Amino acid sequence: MPTSICPECDEEVYVDAETEQGDRVSCDECGAQLVIVGLDPIEMDVYEEAEVDHKDDEDLEAYDYESDRY
Ligand SMILES: [Zn+2]
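Residues numbered from 1 in each chain as written. Predicted model: local features only at pLDDT ≥ 70, side-chain atom pairs only at ≥ 80, totals over all residues.

Caption draft 1: Up close: unusual backbone geometry. That bond from aspartate 40 to proline 41 is cis: its omega, 0°, falls within 30 degrees of zero. Assignment of secondary structure puts proline 41 in the loop between strand 4 (33-39) and strand 5 (42-46). Of note in this structure, aspartate 10 is not a glycine but carries a positive phi near 65°. Structurally, aspartate 10 is set in the loop between strand 1 (3-5) and strand 2 (12-14). (Helix = DSSP H or I, 4+ residues; strand = E, 2+ residues; numbered from the N terminus.)

If you want it as C-alpha coordinates, here you go:
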(Lines give C-alpha, C1' and ligand atoms only; values in the text may rest on other atoms or scores of the structure.)
Protein backbone atom coordinates (compact mmCIF):
# COMPACT_ATOMS: atom_id res chain seq x y z
CA MET A 1 0.00 0.00 0.00
CA PRO A 2 1.46 3.39 -0.93
CA THR A 3 2.29 5.89 1.75
CA SER A 4 2.97 9.56 1.98
CA ILE A 5 4.09 11.89 4.73
CA CYS A 6 1.55 13.90 6.66
CA PRO A 7 2.42 17.60 6.33
CA GLU A 8 1.04 18.18 9.82
CA CYS A 9 2.87 15.61 11.91
CA ASP A 10 5.42 14.05 9.53
CA GLU A 11 4.06 10.56 10.13
CA GLU A 12 3.51 8.09 7.32
CA VAL A 13 -0.06 8.01 6.07
CA TYR A 14 -1.31 4.97 4.21
CA VAL A 15 -3.08 5.84 1.00
CA ASP A 16 -5.43 3.59 -0.90
CA ALA A 17 -3.84 2.23 -4.07
CA GLU A 18 -6.73 3.59 -6.11
CA THR A 19 -6.51 7.07 -4.63
CA GLU A 20 -6.77 9.82 -7.21
CA GLN A 21 -5.57 13.39 -7.19
CA GLY A 22 -8.03 15.55 -5.27
CA ASP A 23 -9.16 12.72 -2.99
CA ARG A 24 -9.30 13.47 0.70
CA VAL A 25 -7.80 11.31 3.41
CA SER A 26 -7.33 11.78 7.13
CA CYS A 27 -4.14 11.22 9.04
CA ASP A 28 -4.41 8.41 11.58
CA GLU A 29 -1.81 10.09 13.78
CA CYS A 30 -3.05 13.65 14.10
CA GLY A 31 -6.49 13.48 12.48
CA ALA A 32 -5.68 16.19 9.95
CA GLN A 33 -7.84 16.31 6.84
CA LEU A 34 -5.53 15.93 3.87
CA VAL A 35 -6.01 16.18 0.13
CA ILE A 36 -3.99 14.36 -2.50
CA VAL A 37 -2.20 16.87 -4.69
CA GLY A 38 0.15 14.56 -6.57
CA LEU A 39 0.41 10.85 -7.32
CA ASP A 40 3.95 10.14 -8.53
CA PRO A 41 5.18 10.37 -5.90
CA ILE A 42 2.14 10.78 -3.71
CA GLU A 43 2.00 14.25 -2.23
CA MET A 44 -0.60 15.56 0.15
CA ASP A 45 -1.53 18.93 1.56
CA VAL A 46 -3.61 19.93 4.52
CA TYR A 47 -7.17 20.21 3.34
CA GLU A 48 -8.51 23.74 3.71
CA GLU A 49 -12.25 24.17 3.94
CA ALA A 50 -11.93 27.68 2.55
CA GLU A 51 -11.39 26.14 -0.87
CA VAL A 52 -14.93 24.79 -0.86
CA ASP A 53 -17.90 26.90 -1.88
CA HIS A 54 -20.41 27.54 0.88
CA LYS A 55 -23.11 25.84 -1.13
CA ASP A 56 -21.18 22.58 -0.67
CA ASP A 57 -21.24 22.77 3.12
CA GLU A 58 -23.83 20.03 3.41
CA ASP A 59 -21.76 17.67 1.31
CA LEU A 60 -18.74 18.54 3.42
CA GLU A 61 -20.51 17.49 6.59
CA ALA A 62 -21.42 14.20 4.97
CA TYR A 63 -17.74 13.57 4.32
CA ASP A 64 -16.77 14.53 7.85
CA TYR A 65 -16.89 10.98 9.17
CA GLU A 66 -14.03 11.73 11.57
CA SER A 67 -16.12 14.13 13.63
CA ASP A 68 -17.59 11.41 15.79
CA ARG A 69 -14.18 10.89 17.34
CA TYR A 70 -14.39 14.16 19.17
ZN1 LIG B 1 -0.70 13.76 10.74
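Next, the rest of the story.
Caption draft 2: Here's a closer look at the environment of aspartate 23. Looking at the element boundaries, aspartate 23 is found in the loop between strand 2 and strand 3 (24-26). Remark: the alpha-carbon pair of aspartate 23 and isoleucine 36, spanning 13 residues in sequence, is separated by 5.4 Å.

Caption draft 3: Structural detail: the nonpolar core. By size, the foremost hydrophobic cluster in this structure holds eight residues: Cys6, Val13, Val25, Cys27, Ala32, Leu34, Ile36 and Met44. Excluding residues within four positions of it along the chain, valine 13 makes contact with Thr3, Ser4, Cys6, Val25, Cys27, Asp28, Leu34 and Met44. (Core = buried A, V, L, I, M, F, W, Y, C linked by C-beta atoms within 7 Å. Buried ≥ 20, exposed ≤ 12 C-beta atoms within 10 Å, placed from the backbone. Contact = placed C-beta atoms within 7 Å.)

Caption draft 4: Highlighting the pairing of strand 5. Taken together, the five bridges between strand 4 and strand 5 define a ladder with antiparallel strand orientation. Within strand 5, the residue paired with leucine 39 across the bridge is isoleucine 42. Remark: two residues form the turn of the hairpin made by strand 4 and strand 5, two consecutive strands paired antiparallel. (Pairing = 2+ DSSP bridges.)

Caption draft 5: Expanded view of the environment of isoleucine 42. With respect to the secondary-structure elements, isoleucine 42 resides in strand 5. Taking the C-alpha atoms as reference points, isoleucine 42 and proline 2, separated by 40 residues in sequence, lie 7.9 Å from one another. For isoleucine 42, the contacting residues outside a window of four places in its chain are Pro2, Ser4, Val15 and Ile36.

Caption draft 6: Region of interest: the environment of glycine 38. By the element assignment, glycine 38 lies in strand 4. On the basis of neighbour counts, which here come to 11 C-beta atoms within 10 Å, the residue glycine 38 falls in the exposed class. Measuring from C-alpha to C-alpha, the distance between glycine 38 and glutamate 20 comes to 8.4 Å, with 18 residues separating the pair along the chain. The contact partners of glycine 38, leaving out residues within four places of it in the chain, are Gln21 and Glu43.

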